[in-house]
Amino acid sequence: MSDHASLIRETAVAGLFYPSDPNELRETILGYLDGAETEPPAGAVVGLIAPHAGYVYSGPTAGRAYAAVRGRSYRRVVVMAPSHRAVFDGASVWPEGAYRTPLGDAPVDGEGARLLVERGDGLVRALPEVHREEHALEVQIPFLQVALGSFSLVPLILGDRDLEFAKRLAALLADCFGAEDTLYVASSDLSHFHAYDDAVRIDRMLLELVRSGETERLAAALDHGETEACGAGPILTLARASAERFGARPRLLGYANSGDTAGGRREVVGYASFAFVREEER
């Protein structure tokens, strides 16, 4: 047994971003899943883009993403989130143990984490301190626990967001795990603190570029501030892996902003949900 075997990442934002009471939390998430108005994809869902704000703001949009995989079976879930607090190069994996939520512990795939570190040539490191206060990964876990039930977790926080990094990480993930029994989740909100109509315009560009699969153009638009996503690294990584390695196409499931849910419209934050779907062979 390694030194990390009992390493527990305790909750950091339970009671702030989502309910800390397990019954209330489960009922809240079930409400979002039941309220999703999109038909579940017919093919294999290999990836999701889901927002990471407080549930009262982004929960309905996140619910549309997780409804697409509700009741499906995955051996492993790779969650990629941006770093809002720590500054570092590459990606950080929580190496072993579990991510704790009010719904219980999500066991970490320690073997998978070690594989990423060993094969990544410095691209992925085990930096538990990077994970301690980060909300963008944590808020995805309760949705996964309710939608999927049993799975092992590979939690990745990304310190970089450029396209070359995304290409390298996408190739590493595909080589280590593939997509047959793995779900990839890219955690991201969209534009931040623009007036409602401006936010919709800025976000529309990202939605169109993700749907088109034009990652080069998407990366350029993000770099130039034409569109915005705090989870640019996770989105670009998932988009590259899906297009080049998994044969999956993006499907927009929902878009909203905080002005549509629980906030005013003078300054809003945008949210989108996508599923990356591989058509089943006939």
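None of these values were measured; they are calculated from a predicted model.

Chemist: When you look at the overall build of the protein in this model, what are you seeing that I'm missing?
Modeler: Within the protein, the secondary structure is distributed over 10 helices and 12 strands. Computed over its C-alpha atoms, the radius of gyration of the protein comes to 17 Å, within 12% of the 19 Å expected for a compact globule of 282 residues. In terms of its C-alpha atoms, the protein occupies a principal-axis envelope of roughly 55 × 45 × 40 Å. Every one of the 282 residues in the protein was classed for burial, and the buried ones make up 56%. Intrachain contacts of the protein at a sequence separation of at least 6 include 81% that bridge at least 24 residues.

Chemist: What is the right way to look at the side chain of Asn257 in this model?
Modeler: Inspection of the secondary structure puts Asn257 in strand E11 (residues 249-257). Residue class for Asn257 comes out buried when judged on its relative accessible area of 0%. Within the structure, Asn257 has its side chain in polar contact with the backbone nitrogen of Gly259 (distance 2.8 Å). If we skip the residues at most four places from it in the chain, Asn257 touches Tyr196, Val200, Val268, Val269, Gly270 and Tyr271.

Chemist: Sorry if this is basic, but what is going on with the packing of helix H8 (residues 196-212) against helix H9 (residues 215-223) here?
Modeler: A pair of packed helices can be characterised by two numbers: the angle between their axes and the separation between those axes. Look at H8 against H9: their axes get within 9 Å of each other, and the N-to-C directions meet at 160 degrees. Taken together, the axes of H8 and H9 are roughly antiparallel relative to one another. Once H8 is placed against H9, the crossing between them reads as left-handed. Across from Met205, Leu206, Leu209 and Val210 in H8, the residues of H9 making contact are Arg217, Leu218, Ala221 and Leu222. Of the residues that constitute the contact of H8 with H9, the class distribution is seven nonpolar, no polar and one charged.

Chemist: Just to check I follow, could you spell out the pattern of salt bridges for this structure?
Modeler: Oppositely charged side chains may form a pair once their charged atoms are brought near each other. Taken as a whole and assessed by the stated rule, the structure comprises 18 salt bridges. Linking Glu180 and Arg278 is a salt bridge whose minimum nitrogen-to-oxygen distance equals 3.9 Å. Highlighted residues: Glu180 in the loop between helix H7 (163-176) and strand E9 (182-187) and Arg278 in strand E12 (residues 268-278), separated in sequence by 98 residues. Residue Arg265 is joined to Asp260 by a salt bridge in which the shortest nitrogen-to-oxygen separation is 3.5 Å. Within the structure, one salt-bridge network assembled from shared partners comprises Glu164, Lys167, Glu216, Arg240 and Glu244.

Chemist: Looking at this structure, how should I read H8?
Modeler: Relative to the 24 Å expected for 17 residues at 1.5 Å per residue, H8 spans 24 Å between its end C-alpha atoms, a close match to the ideal helical length. Along H8, the residues that are buried comprise Tyr196, Ala199, Val200, Ile202, Asp203, Leu206, Leu207, Leu209 and Val210. Residue Gly213 follows H8 closely and has a positive phi angle near 75 degrees.

Chemist: Any chance you could explain the packing of aromatic side chains here in plain terms?
Modeler: The description of an aromatic ring pair rests on the distance of the ring centres and on the angle between the ring planes. Applying the stated criterion across every chain yields a total of seven aromatic pairs. Aromatic pair Tyr32 and Tyr55: ring centres 6.5 Å apart, planes at 80 degrees, arrangement edge-to-face. Within this pair, whereas Tyr32 is found in helix H1 (residues 22-35), its partner Tyr55 is found in helix H2 (residues 55-67), the two being separated by 23 residues in sequence. Feature note: the residues Tyr18, Tyr32, Tyr55, Tyr66 and Phe143 constitute an aromatic cluster, connected by ring pairs.

Chemist: Sorry, what's going on with the environment of Ala42 here?
Modeler: Positionally, Ala42 belongs in the loop between H1 and strand E2 (44-50). Residue class for Ala42 comes out exposed when judged on its relative accessible area of 79%. On a C-alpha basis, the gap between Ala42 and Arg278 in space is 8.9 Å, while along the polypeptide they are 236 residues apart.

Procedures and definitions
- Note on numbering: residues in each chain are counted from 1, in written sequence order.
- With the structure being a predicted model, the display of local features is reserved for residues of pLDDT at least 70 and the display and counting of side-chain atom pairs for 80 or more, all residues being used for whole-chain, interface and lining totals.
- Just so you know, side-chain values use all the structure's heavy atoms and leave hydrogens and water out.
- Numbering goes from the N terminus for both helices and strands, where a helix is a DSSP run of H or I of at least four residues and a strand is a run of E of at least two.
- Just to be clear, the radius of gyration here is over C-alpha atoms, and the globule rule we use is 2.2 Å times residues to the power 0.38.
- In this scheme, a residue with accessible area under 20% of its type's maximum is buried, one over 50% is exposed, and one in between is partly exposed, where area comes from a 1.4 Å probe on protein chains only.
- Note on definitions: a residue-residue contact is assigned when non-hydrogen atoms from the two residues lie within 4.5 Å.
- Polar contacts, as counted here, are pairs of nitrogen or oxygen atoms within 3.5 Å of one another; within protein the pair requires one atom able to donate a hydrogen and one able to accept it, and residues that are adjacent in sequence qualify only if both atoms are side-chain atoms.
- Simply put, an axis is a line fit to the C-alpha atoms, just over the touching stretch for a helix, and the angle between two N-to-C directions goes from 0 to 180 degrees.
- Roughly parallel covers angles under 35 degrees, roughly antiparallel covers those over 145, roughly perpendicular covers 65 to 115, and oblique covers all other angles.
- Note on convention: the crossing is left-handed when the near helix lies turned anticlockwise from the far helix by less than a right angle, right-handed when the turn is clockwise.
- Under the scheme applied, nonpolar residues are Ala, Val, Leu, Ile, Met, Phe, Trp, Tyr, Cys and Pro; charged residues are Asp, Glu, Lys and Arg; polar residues are all the others, including Gly.
- Salt bridges are defined by distance alone: a side-chain nitrogen of Lys or Arg within 4 Å of a carboxyl oxygen of Asp or Glu.
- Every helix has an expected span of 1.5 Å times one less than the residues it contains.
- Pairs were defined over the aromatic rings of Phe, Tyr and Trp, the Trp ring being its six-membered one, requiring ring centres within 6.5 Å. Orientation was assigned from the angle between planes: stacked under 30 degrees, edge-to-face over 60, tilted for the rest.

On their own, these measurements won't tell you what the molecule is for.
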